[in-house]
Structures are given as C-alpha cells and as structure tokens.
Amino acid sequence: MRAIQHAGPRGRWRRAHSTSRRRPELIAIGIAIATRCDGCVGFHVKAAIRAGATRQEVLETVAMGIYMGAGPSMIYAAETLRAFDEFSAAAP
C-alpha cells in the first residue's frame, strides 16, 4: 500500500519524476476514453487545459484512447474534443 501512496497524484514519485501536471491529465483522458467514463472525460479535459495542454496533445491522446478502447471509444473521443473546444473557449 505504501508504494501505491508514493505513486499517487500527490506522492513523492510524481513530484520527483513528472515535469508537469499536463502529462498525468493527458494520460487520464486516454484512460477515460478507453473506459468510456463521461464524467472523467470532462474533469480531466478541464484539468488538462488548466495545466496547459494543447489541442494537438489532446488529439494524440484521443487517438491512443480509441486504439486502447476500440470502436465504442470513438464516441467518447468525439465528446472529448468537443469538451476541449468548449472549455478552451471559456478559459481565461
């Protein structure tokens, strides 16, 4: 359990090895697409935008999410891009 705590979002491993919050949020978007989780998509797209993710980075993440989640994930991929565009327009 201790190893899991250190690898978690606030763990020492992340602080020592992750250069930004953007990378974990992009990974989370890919997982959200592959697992078809609506709420997860919205949450992590907003967090990725706050962390400075670009549309191109999200597109690459979407492609991997489709690859890992197969055909049904394409619907969630489209929703992810729509969310990115909407949230980006609303971001300061």
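On a predicted model such as this, the values are computed, not experimentally measured, just so you know.

Visitor: An account of the packing of aromatic side chains is requested, with residue identities and associated values reported.
Guide: Summed over all chains, the structure comprises 0 aromatic pairs. The residue whose ring lies beneath Lys46 is Phe87, and the NZ or CZ to ring-centre distance is 4.8 Å.

Visitor: Let's hear about unusual backbone geometry: which residues, and what values?
Guide: If you check the backbone angles, Arg36 has positive phi at about 60 degrees while not being a glycine. By relative accessible area, Arg36 is classed as partly exposed at 35%.

Visitor: Go over the pattern of salt bridges with me, naming the residues and quoting the values.
Guide: In the structure shown here, the tally under the stated rule is 4 salt bridges. For Asp85, the salt bridge goes to Arg55, with nearest N and O atoms at 2.8 Å. Of this pair, Asp85 sits in helix 6 (residues 73–90) while Arg55 sits in helix 5 (residues 55–69), and the two are 30 residues apart along the sequence. Residue classification places Arg55 among the partly exposed residues on the basis of a relative accessible area of 36%. Taken together, the shared-partner salt bridges connect Glu79, Arg82 and Glu86 into one network.

The rules we used
- Residues numbered from 1 in each chain as written.
- Predicted model: local features only at pLDDT ≥ 70, side-chain atom pairs only at ≥ 80, totals over all residues.
- Heavy atoms only, no water.
- Phe/Tyr/Trp six-rings, centres within 6.5 Å; stacked < 30°, edge-to-face > 60°.
- Lys NZ or Arg CZ within 6 Å of the ring centre and 35° of its normal.
- Buried < 20%, exposed > 50% of the residue type's maximum accessible area, 1.4 Å probe, protein only.
- Salt bridge = Lys/Arg side-chain N within 4 Å of Asp/Glu carboxyl O.
- Helix = DSSP H or I, 4+ residues; strand = E, 2+ residues; numbered from the N terminus.

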